[in-house]
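Listed below, chain by chain, are the residues.
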Amino acid sequence: KDNQIDMFLAIGGGSTIDCAKVIAAASLYEQDAWDLVIHPEKIKGALPVYVVLTLSATGSEMDPFAVISDLTLNEKLGTRAPCLNPTMSILDPTYTFSVPAKQTSAGVADMMSHTLENYFNNVSGSEMQAGFSESILRCCIKYGPIALKEPDNYDARASLMWCSSFAINGTIKCGCEVKWCIHPMEHELSAFYDITHGQGLAILTPVWMEYVLNEKTASRFAQMARNVFMIQELDDLKAAQKGIQALKQFFFDTMKLPKTLREVGICEKDNFEIMAKKAASKCAGSFVPLTQKDIVEIFNRAF
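The following paragraphs examine the structure supplied in this document. Here the structure is a predicted model, which is why all the values come from computation and not from measurement.

Conventions used here
- Residues numbered from 1 in each chain as written.
- Predicted model: local features only at pLDDT ≥ 70, side-chain atom pairs only at ≥ 80, totals over all residues.
- Heavy atoms only, no water.
- Pairing = 2+ DSSP bridges.
- Helix = DSSP H or I, 4+ residues; strand = E, 2+ residues; numbered from the N terminus.
- Axes fitted to C-alpha atoms, helices over the stretch in contact; angles between N-to-C directions.
- Contact = heavy atoms within 4.5 Å.
- Core = buried A, V, L, I, M, F, W, Y, C linked by side-chain atoms within 4.5 Å.
- Buried < 20%, exposed > 50% of the residue type's maximum accessible area, 1.4 Å probe, protein only.
- Patch = residues over 30% accessible without salt bridge, like charges linked within 9 Å, V, L, I, M, F, W, Y side chains within 5 Å.
- Areas by Shrake-Rupley, 256 points an atom, 1.4 Å probe, with all protein chains shown as cover.
- Salt bridge = Lys/Arg side-chain N within 4 Å of Asp/Glu carboxyl O.
- Polar contact = N/O pair within 3.5 Å; in protein donor to acceptor, adjacent residues only side chain to side chain.
- Phe/Tyr/Trp six-rings, centres within 6.5 Å; stacked < 30°, edge-to-face > 60°.
- Lys NZ or Arg CZ within 6 Å of the ring centre and 35° of its normal.

Focus: the sheet that holds strand β2 (residues 49–53)
Turning to step 1, where the next piece is worked out: The 3 strands are arranged β1-β2-β5 in an open sheet whose pairing can be described as parallel. Every other strand in the sheet has two partners, leaving β1 (8–12) and β5 (88–90) as the edge strands with one partner each. Between one strand axis and the next, the sheet turns by 15° as a mean value, whatever way the strands run.
Turning to step 2, where the next piece is worked out: In the packing of helix α1 (residues 14–26) onto the sheet, the strands contacted are β1 and β2, and the crossing angle to β1 comes to about 165°.

Here we look at the nonpolar core
Turning to step 1, where the next piece is worked out: In terms of nonpolar packing, the biggest core is built from 71 residues, with M185, W208 and F221 touching the most fellow members.
Turning to step 2, where the next piece is worked out: Beyond its immediate chain neighbours, meaning those up to four positions away, F221 contacts F120, W208, M209, V212, L213, A240, I244 and F287.
Turning to step 3, where the next piece is worked out: Listed in part, the 10 residues of the second largest apolar core include A10, A24, V51 and M161.

Brief notes about a nonpolar patch on the surface
Turning to step 1, where the next piece is worked out: Where nonpolar side chains cluster on the molecular surface, the patch consists of M7, L9 and I11 and spans about 280 Å² of accessible area.
Turning to step 2, where the next piece is worked out: Structurally, L9 can be placed in strand β1.
Turning to step 3, where the next piece is worked out: Residue L9 is classed as exposed on the basis of its relative accessible area of 51%.

Examining the environment of T94
Turning to step 1, where the next piece is worked out: As for its position among the elements, T94 is in the loop between β5 and α3 (101–119).
Turning to step 2, where the next piece is worked out: Look at T94 and you get partly exposed, because its relative accessible area is 34%.
Turning to step 3, where the next piece is worked out: At a separation of 2.7 Å, a polar atom in the side chain of T94 contacts the side chain of D92.

Overview of the packing of aromatic side chains
Where two aromatic rings form a pair, the distance of their centres and the angle of their planes describe that pair.
Turning to step 1, where the next piece is worked out: Counted under the stated rule, the structure contains 13 aromatic pairs.
Turning to step 2, where the next piece is worked out: Pairing F120 with W208 gives two aromatic rings, centres 5.6 Å apart and planes at 75°, and the pair type is edge-to-face. Residue F120 is found in the loop between α3 and α4 (127–149), and its partner W208 is found in helix α7 (residues 197–212); the two are separated by 88 residues along the sequence. One exposure class covers both F120 and W208, and it is buried.
Turning to step 3, where the next piece is worked out: Their ring planes at 35° and their centres at 6.0 Å tell us that F132 and F166 sit as a pair that is tilted. With F132 in helix α4 and F166 in helix α5 (residues 154–166), the pair connects residues that are 34 residues apart, well separated along the chain.
Turning to step 4, where the next piece is worked out: Among the residues examined, F166 registers a relative accessible area of 21% and is labelled partly exposed.
Turning to step 5, where the next piece is worked out: Among the aromatic residues, those joined into a ring-pair cluster are Y119, F120, W208, F221 and F287.
Turning to step 6, where the next piece is worked out: The ring of Y119 carries the charged tip of R220 above its face, separated from the ring centre by 4.4 Å.

Laid out in structure tokens, this is it:
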């Protein structure tokens, strides 16, 4: 305000872009900027945000969301408003050639998690959206390992950039909206322990899948197994189990992501109850409803 700034340039990944979005909105707001995080309805406008993407992961370059942390409060919260969509984003795959292996893997897990959160819904007749989601997942599975082995492989980095944007820009959720449940759980992990977001998602996702898998949910998991991992199994429950195992192998063996919370430095369970309580309040209406007790158990199994 003092310098009459009229636009913002975010050069980086999701955290940089999200920070710029909220600053852009706060520039037109007279009170504490944190208000805009906890009360998105107070966002009435924002200065233009331009993006040069250097890390494919969150999709912030093409969405109206921003996730902001206050580690003094152990809070990691998402806010949103149409005016937070970037005015323009430059996506040049060569700018991601130098992304380290750890962040490349975490980014792939992040975009796959965005896709899976939308994919697991209870809306009938959403086969087009499911098919699009499956193609994004297959693309991540194909090009993620190539980007790890060949960081300067243009096609791999370009394909992952496409996946990053389309996993969360609204295309695959349109007409089959569902509350997300893995992200609220992981946001609590990051808020309390400041871990890498994509790594937390990779740890929690297979655990959640195994926890909610039953005769009722098996058909959707089996669809993922057959259409994403090409598993040839007629029995839905067996196909689902093999699909989850294939995802674990991809995350932990191929992409070298950590398997447990202990591997990312979480060596105690003191905060699980309060974290689960906060997460449960944000994921009502998800594919499978989760209580505080359910989420504590998922944290324990991921430990």
